[in-house]
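Overview (structure and organization)
This is what each chain is made of:
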Amino acid sequence: MPYVKADLHIHTAYSDGVSSPLEVVHAAIDKGLNVIAVTDHDTFMGAVKARDYVKRSRLELLVLLGNEVRTELGDVLLYCLEEVSTSKNLLNLIEISRDNGCLIVPAHPFDILKLGLGNAIFEYRGWSAIEVWNASANKRANRMAIKASKELNLPGIASSDAHIVEYIGIAHSFIELSELSEEEVVESIRKGRVKPYFGYPSFNLTLKRFVKSVKHRAWRALST
Ligand SMILES: [Zn+2]
């Protein structure tokens, strides 16, 4: 089967994203994506809402449940078939991932401003893949992540880390699947049948995200 197009790192308003899960789903379909993972901070809620909406509306998009867990050492992406309870302790989280058949992937590992794990990725075992390209991270950090994935012999994933819908799909991964199912997405990534596509936002889009996030934060501050 050919490769499908996937963006596996997207935020919604269930964490610090601007858009609803429904808006994310429609933006992903408009951009020609076949698979997405919604990965809100420390919650599967955005992903569950997106997946339920897609199933209810019979839309042609596969939604993998995701969660960007803020561990004591930095951000880690967890992709699971069903919700699991997470842990801030990295060792525990790796164990939870293994016990539940999830994928565990260091997010933007060398972007310190974005709370990447840094060299800790070399000290822990059990990674399923590495996010080698994050469209919202700096280029130097991405280059270091590509190098690390080669050293550790782990598959590389490229994602947008979108917080506004315009970012969705800017960077993405091609995953080879024998059938379109969440189980097969997990299996294919685990086996390294994934190719990252390195993309970056334009200057105008970077500016737009900045303005939107400032407005969003101001609105949140006023409404809480
Ligand atoms: Zn993120």
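Located above this text is the structure these notes cover.
A brief structural summary.

Taking every second residue as pointing to the same face, both faces of strand β7 (residues 156–159) are buried, with Gly156 and Ala158 on one and Ile157 and Ser159 on the other. Two strands pair when backbone bridges link them, and strand β6 (residues 130–134) and β7 are joined in this way by four bridges, in the parallel orientation. Paired with Glu131 across the strands is Ile157, a residue of β7. In this view, the connection linking β6 to its parallel neighbour β7 by way of helix α5 (residues 139–151) has right-handed handedness.

Attention now goes to the nonpolar core. Within the largest apolar cluster, 60 residues are counted, with the highest numbers of intra-cluster contacts made by Val24, Ile36, Leu64, Leu78, Tyr79, Ile104 and Val105. Once you skip the residues sitting within four places of it in the chain, Ile104 turns out to touch Val76, Leu78, Leu93, Ile94, Ser97, Gly126, Trp127 and Ser128.

Our next topic: the environment of Asp161. Tracing the sequence through the fold places Asp161 in the loop between β7 and β8 (172–176). When the C-alpha positions of Asp161 and Ser181 are compared, they lie 22 Å apart, and in sequence the two are 20 residues distant. Those residues in contact with Asp161 that sit more than four places away from it in its chain are His9, Asn134, Ala135 and Ser136.

At Asp42, a residue that is not glycine, the phi angle is positive and equals roughly 55°. One can find Asp42 in the loop between β2 (35–41) and α2 (45–56). On the basis of neighbour count, Asp42 is assigned to the partly exposed category, with 15 C-beta atoms found within 10 Å. For His108, which is not glycine, the phi torsion reads 25° and is therefore positive. Its location among the elements puts His108 in the loop between β5 (103–106) and α4 (120–123). For His108, a count of 30 C-beta atoms within 10 Å translates into the label buried.

Our next topic: the sheet that holds β5. Read from one edge to the other, the open sheet built from seven strands follows the order β5-β4-β3-β2-β1-β8-β9, with strand pairing classed as mixed. A single partner strand is all that each edge strand has here, and the edge strands are β5 and β9 (194–197). Strand-to-strand, the axes of this sheet are offset by a mean angle of 25°, without reference to chain direction. Two strands pair when backbone bridges link them, and strand β3 (residues 62–70) and strand β4 (residues 75–80) are joined in this way by six bridges, in the antiparallel orientation. In the sheet register, Arg70 faces β4, and the bridge partner there is Asp75. Against the sheet, α2 makes contact with β2 and β3, and its axis sits at roughly 175° relative to β3, the strand it touches most. In the packing of helix α3 (residues 90–99) onto the sheet, the strands contacted are β3, β4 and β5, and the crossing angle to β4 comes to about 15°.

Procedures and definitions
Residues numbered from 1 in each chain as written. Predicted model: local features only at pLDDT ≥ 70, side-chain atom pairs only at ≥ 80, totals over all residues. Buried ≥ 20, exposed ≤ 12 C-beta atoms within 10 Å, placed from the backbone. Helix = DSSP H or I, 4+ residues; strand = E, 2+ residues; numbered from the N terminus. Pairing = 2+ DSSP bridges. Right-handed = clockwise from strand over helix to strand, strands pointing away. Core = buried A, V, L, I, M, F, W, Y, C linked by C-beta atoms within 7 Å. Contact = placed C-beta atoms within 7 Å. Axes fitted to C-alpha atoms, helices over the stretch in contact; angles between N-to-C directions.

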